[in-house]
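A closer look at the structure
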Amino acid sequence: MFFGISVPTVRAALKREMKANPITEGAELLKKSLECFEWSHFEMQLFGVLLLDKHSNLLEPQDLNFIADLVGKCNTWALVDPLSGPAGRLVDLGLPDVGPFLDSWSTHENFWLRRFSLLVLMRNLRENENEWARFVGYADSMIEEKEFFVRKAIGWVLRDQSRIRPEAVAEYVRRQMPVISGVTFREAVKYLPEPEQSELRTAYKAR
């Protein structure tokens, strides 16, 4: 359901709320965000997501469970994807107890959580080469999925990484050439340098 309110209007309302009623404790943040999801209207749920994002410094690693529960209540990328911001910042901390959360999301029956497990890695992948192996493991397990939003997410991460580690991305695409979907392939090779991009496009057409 929708009120018909624009996203900039929601952001402006959030700014006013933060000024009038500042949040200083994590428990209060979680409570207010959850209250927003008690509404069935998209704009209220978006308000709760943006509230979490603006106060992500108050979140603790154990709050990843809370965020995952919110993802389970979402049925649109317009809510799921912004939630990857605060969750991604927790992942960026590199704490060992974060891994099990990500692993469980990557195999969850809810495809939004599987998409989420990929998106939350994007920030950390840009600076932490060790996370590449985790992404590859997740992507390999989902590469043959039929769900568009999962395929797109794999492609987005590969596209983002192609600017940083083009050789690794090209090698991944080569290895998965027999099964990679069109949407994943197009995103993955979009910014690859030549001659790799042309080579892979030729191989994709010929498969």
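Placed above this text is the structure.
Just so we're clear, the structure is a prediction, and the values are computed from it rather than from any experiment.

Thoughts on the packing of aromatic side chains
- In this structure the tally under the stated criterion is 10 aromatic pairs.
- Where W112 meets F149, the ring centres are 4.9 Å apart and the plane angle is 40°; that geometry is what we call tilted. Within this pair, whereas W112 is found in helix 7 (residues 111–119), its partner F149 is found in helix 10 (residues 148–161), the two being separated by 37 residues in sequence.
- On the accessibility criterion, W112 (7% relative accessible area) is buried.
- For F149, a relative accessible area of 24% puts it in the partly exposed group.
- Here the aromatic residues F111, W112, F148 and F149 are joined through ring pairs into a cluster of three or more.
- The side chain of R163 reaches across the aromatic face of Y191, ending 3.9 Å from its centre.

As for helix 6 (residues 99–106)
- For helix 6, every residue scored as buried is listed here: G99, F101, L102, W105 and S106. With its buried residues spanning 160° around the axis, helix 6 presents them on a single face.
- Close packing links the buried residues of helix 6 with helix 4 (64–73), helix 5 (77–92), helix 7 and helix 9 (131–142).

A few points about the packing of helix 2 (residues 26–36) against helix 3 (residues 42–54)
- Here helix 2 crosses helix 3 at 160°, and the two axes come no closer than 7 Å. It follows from the interaxial angle that helix 2 and helix 3 lie roughly antiparallel. Helix-helix and strand crossings are classified by hand; for helix 2 and helix 3 the assignment is left-handed. When helix 2 is examined against helix 3, the residues L29, L30, K32, S33 and C36 are found in contact with a partner set consisting of M44, Q45, F47, G48, L51 and L52.
- Grouping the constituent residues of the contact of helix 2 with helix 3 by class yields seven nonpolar, three polar and one charged.

A look at unusual backbone geometry
- Going from E194 to P195, the amide bond is cis rather than trans, its omega being 10°.
- On the secondary structure map, P195 appears in the loop between helix 12 (182–189) and helix 13 (196–206).

Topic: a positive patch on the surface
- Taken together, the side chains of R11, K15, K19 and K54 define a basic patch exposed on the protein surface.
- The element contributing the most residues to the positive patch is helix 1 (residues 7–20), with three residues.
- Residue position: K19 is located in helix 1.

What about the nonpolar core?
- Of all hydrophobic cores here, the largest spans 65 residues; its most connected members are L83, W105, F116, F135, I154 and V173.
- In this view, L83 contacts V49, L52, I67, L70, V71, C74 and F116; residues no more than four positions away in its chain are not counted.

Thoughts on the pattern of salt bridges
- Applying the stated criterion across every chain yields a total of 15 salt bridges.
- In this structure, K31 engages E35 in a salt bridge whose closest nitrogen and oxygen atoms are separated by 2.6 Å. Taken together, the residues span about one helical turn, with K31 and E35 both in helix 2 at a distance of four residues.
- Residue classification places K31 among the exposed residues on the basis of a relative accessible area of 52%.
- Where salt bridges share partners, they join E17, E28 and K32 into one cluster.

Here is what the cut-offs are and how they apply
Residues numbered from 1 in each chain as written. Predicted model: local features only at pLDDT ≥ 70, side-chain atom pairs only at ≥ 80, totals over all residues. Heavy atoms only, no water. Phe/Tyr/Trp six-rings, centres within 6.5 Å; stacked < 30°, edge-to-face > 60°. Helix = DSSP H or I, 4+ residues; strand = E, 2+ residues; numbered from the N terminus. Buried < 20%, exposed > 50% of the residue type's maximum accessible area, 1.4 Å probe, protein only. Lys NZ or Arg CZ within 6 Å of the ring centre and 35° of its normal. Arc of directions from axis to C-beta. Contact = heavy atoms within 4.5 Å. Axes fitted to C-alpha atoms, helices over the stretch in contact; angles between N-to-C directions. Parallel < 35°, antiparallel > 145°, perpendicular 65-115°, else oblique. Left-handed = near helix turned anticlockwise from the far one by under 90°. Nonpolar A, V, L, I, M, F, W, Y, C, P; charged D, E, K, R; others polar. Patch = residues over 30% accessible without salt bridge, like charges linked within 9 Å, V, L, I, M, F, W, Y side chains within 5 Å. Areas by Shrake-Rupley, 256 points an atom, 1.4 Å probe, with all protein chains shown as cover. Salt bridge = Lys/Arg side-chain N within 4 Å of Asp/Glu carboxyl O. Lys, Arg positive; Asp, Glu negative; His and termini not counted. Charge placed at Lys NZ, Arg CZ, Asp CG, Glu CD. Core = buried A, V, L, I, M, F, W, Y, C linked by side-chain atoms within 4.5 Å.

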